[in-house]
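Results of the structural survey
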Amino acid sequence: MVEKILVIGSNGQIGTELVTELRKINGESNVVACDIRRPDYDIKNGGPFEFVNVLDKENLKAIFAKYKPTQVYLLAALLSATGEQNPKLAWDLNMNGLLNVLDFAIDFGTKKIYWPSSIAVFGPNSPKQQTPQFCTMDPNTVYGISKLAGERWCEYYFQKYGLDVRSIRYPGLISWKAMPGGGTTDYAIHIFHEALKKSSYSSFLSAETELPMMYMDDAIRGTIELMDAPADQISIRSSYNFSGVSFNPEDLASEIKKYIPDFKLSYTANDPRQKIADSWPKSMDDSTAKKDWNWKPEFDLEKLTLEMLTNLKKS
Ligand code: SER
């Protein structure tokens, strides 16, 4: 069957790479990039693009009617740090955007929906090490609250309407093709840019702040593997724990120093993102993803550091 795929939020950090990969697999014309902003050169010239605002129901409905998508990836969201600057907008976009897409998916017969969740669904009372799939969840950012509520809605639409919704709780995603969009884990990308530019970086997270992270290639591959898995193998309809590698700023700096020996890492105190990071897991137990759809990450800290430095140097 030929898939017709919409990627909503196509210009962001994930969308930029996901659209390219989906187009390789499904053909350029079958993957429609959708965003509220004009796309960058690659996406615009590689296949169809539509202006879509997920909060504008008429606009969204017209796009569903025009393409009758078999799959929709909904990536449009405000992340943890930007969300705190505008909590009501973050709630509106992250929540009503999802509900609008779920409703039109039912109305227009969309077969599968992908919606990303995050490690931000966990909070200060969740276990920090090897955080399990099911445990206390008390997120204290509007982003985390909206992602946890969204997970519950995804499971609800699956149970009540049989909608095939699939989701992953992404860790901090590390990539070089597009800049991150205002998250707490963004330091782990900025550090590479600054290391190459001026051999130094001031981290807004403290030396010992360990967080779950993942190289983008693993995240994109895992996402597509989840979407390709037979429906009866998907036991989690809220969102899957998903793990790559865990490290803190010092670990990352030591790895960067292997290639840039004079690299200096310093710290900026009292950044509001520290409190967010302190409430999140340090590592994740993703055994259910491993069991259900054979998830296996390929990039460790050494490999992702080399990839980041090599590609950023070239670009
Ligand atoms: N990278 C995201 C953030 O920091 C986590 O989902 O907001």
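First, a word on scope: everything that follows refers to the structure included in this document.

Calculation criteria
- Residues numbered from 1 in each chain as written.
- Predicted model: local features only at pLDDT ≥ 70, side-chain atom pairs only at ≥ 80, totals over all residues.
- Heavy atoms only, no water.
- Axes fitted to C-alpha atoms, helices over the stretch in contact; angles between N-to-C directions.
- Helix = DSSP H or I, 4+ residues; strand = E, 2+ residues; numbered from the N terminus.
- Parallel < 35°, antiparallel > 145°, perpendicular 65-115°, else oblique.
- Left-handed = near helix turned anticlockwise from the far one by under 90°.
- Contact = heavy atoms within 4.5 Å.
- 1 Å grid on protein atoms, 1.4 Å probe; cavity = no way out; pocket = protein on both sides within 12 Å on 5 of 7 lines; lining within 4 Å.
- Points joined across faces, edges and corners; volume = space filled by probe spheres on them.
- Nonpolar A, V, L, I, M, F, W, Y, C, P; charged D, E, K, R; others polar.
- Near = heavy atom within 4 Å.
- Polar contact = N/O pair within 3.5 Å; in protein donor to acceptor, adjacent residues only side chain to side chain.
- Sits in = over half its atoms within 2 Å of the grid points.
- Salt bridge = Lys/Arg side-chain N within 4 Å of Asp/Glu carboxyl O.
- Pairing = 2+ DSSP bridges.
- Phe/Tyr/Trp six-rings, centres within 6.5 Å; stacked < 30°, edge-to-face > 60°.
- Buried < 20%, exposed > 50% of the residue type's maximum accessible area, 1.4 Å probe, protein only.

**Side note on the packing of helix α9 (residues 249–257) against helix α12 (residues 301–314)**
Contact pair α9 / α12: the axes reach a minimum separation of 10 Å and the direction vectors enclose 60°. Judged on the interaxial angle alone, α12 and α9 are oblique. As α9 runs across α12, the sense of the crossing is right-handed. Contacts between α9 and α12 involve Asp-251, Leu-252, Glu-255 and Ile-256 from the first element and Leu-301, Glu-302 and Thr-305 from the second.

**Description of the layout of surface pockets**
Looking at the largest pocket, its volume works out to about 850 Å³. In terms of lining, the largest pocket is formed by 43 residues, of which the most central are Leu-75, Ala-77, Leu-78, Leu-79 and Gly-181. Secondary-structure elements contributing two or more residues to the lining of the largest pocket are α1 (13–26), β2 (31–35), α4 (80–85), α5 (87–107), β6 (117–118), α6 (142–161) and β9 (172–174). Counted by class, the lining of the largest pocket contains 25 nonpolar, 14 polar and 4 charged residues. In this structure, the second largest pocket is lined by 11 residues; those nearest its centre are Thr-16, Glu-17, Thr-20, Glu-21 and Lys-177. Where the lining of the second largest pocket is concerned, the elements lending two or more residues are α1 and α8 (216–228). Broken down by element, the lining of the second largest pocket gets its largest block of residues, 5 residues, from α1. Among the residues making up the lining of the second largest pocket, the classes are represented as 1 nonpolar, 2 polar and 8 charged.

**A short note on the site of the ligand**
Around the ligand, the structure places Leu-79, Ser-80, Ser-118, Tyr-143, Gly-183, Thr-184, Thr-185 and Trp-280. In this structure, Tyr-143 approaches the ligand through a side-chain N or O atom, which is 3.1 Å from an oxygen atom. Thr-185 places a side-chain nitrogen or oxygen 2.8 Å from a nitrogen atom of the ligand. The cavity that encloses the ligand is the largest pocket. Broken down by class, the residue content of the shell around the ligand amounts to 3 nonpolar, 5 polar and no charged.

**Let's talk about empty space enclosed by the protein**
To find the voids left in a structure, one rolls a probe of water-molecule size over its atoms. Across all of its chains, the model carries 1 cavity of 30 Å³ or more by this definition. As a volume, the largest cavity reaches approximately 30 Å³. For the lining of the largest cavity, the residue count by class is 5 nonpolar, 1 polar and 1 charged.

**Quick notes on the pattern of salt bridges**
Scanning all chains against the criterion turns up 17 salt bridges. Among the salt bridges present, the one from Arg-221 reaches Glu-225, with a minimum N-O distance of 3.0 Å. Of this pair, Arg-221 and Glu-225 both sit in helix α8, 4 residues apart, which is roughly one turn of that helix.

**Structural notes on the sheet that holds β9**
Pairing is mixed in the open sheet, where 3 strands are placed in the order β9-β11-β13. The outermost strands of the open sheet, each flanked by one partner alone, are β9 and β13 (245–247). Between one strand axis and the next, the sheet turns through 40° on average, direction left out of account. As paired strands, strand β11 (residues 211–215) and β13 are joined by 3 bridges and run antiparallel to one another. When the bridges of β13 are listed, Met-213 appears paired with Val-245.

**Some words on the packing of aromatic side chains**
Summed over the entire model, instances satisfying the criterion amount to 18 aromatic pairs. Seen in terms of ring centroids, Tyr-240 and Trp-293 are 5.5 Å apart; in terms of plane orientation they differ by 85°. Their pairing is edge-to-face. Here the residue Tyr-240 occupies a position in strand β12 (residues 240–241), and Trp-293 occupies one in helix α11 (residues 287–293), the gap between them amounting to 53 residues. The exposure class assigned to Tyr-240 is buried, which follows from its relative accessible area of 0%. You can call Trp-293 buried: its relative accessible area is 5%. Grouping aromatic residues by their ring pairs yields a cluster made of Tyr-73, Tyr-114, Tyr-170, Tyr-240, Phe-242, Trp-293 and Trp-295.

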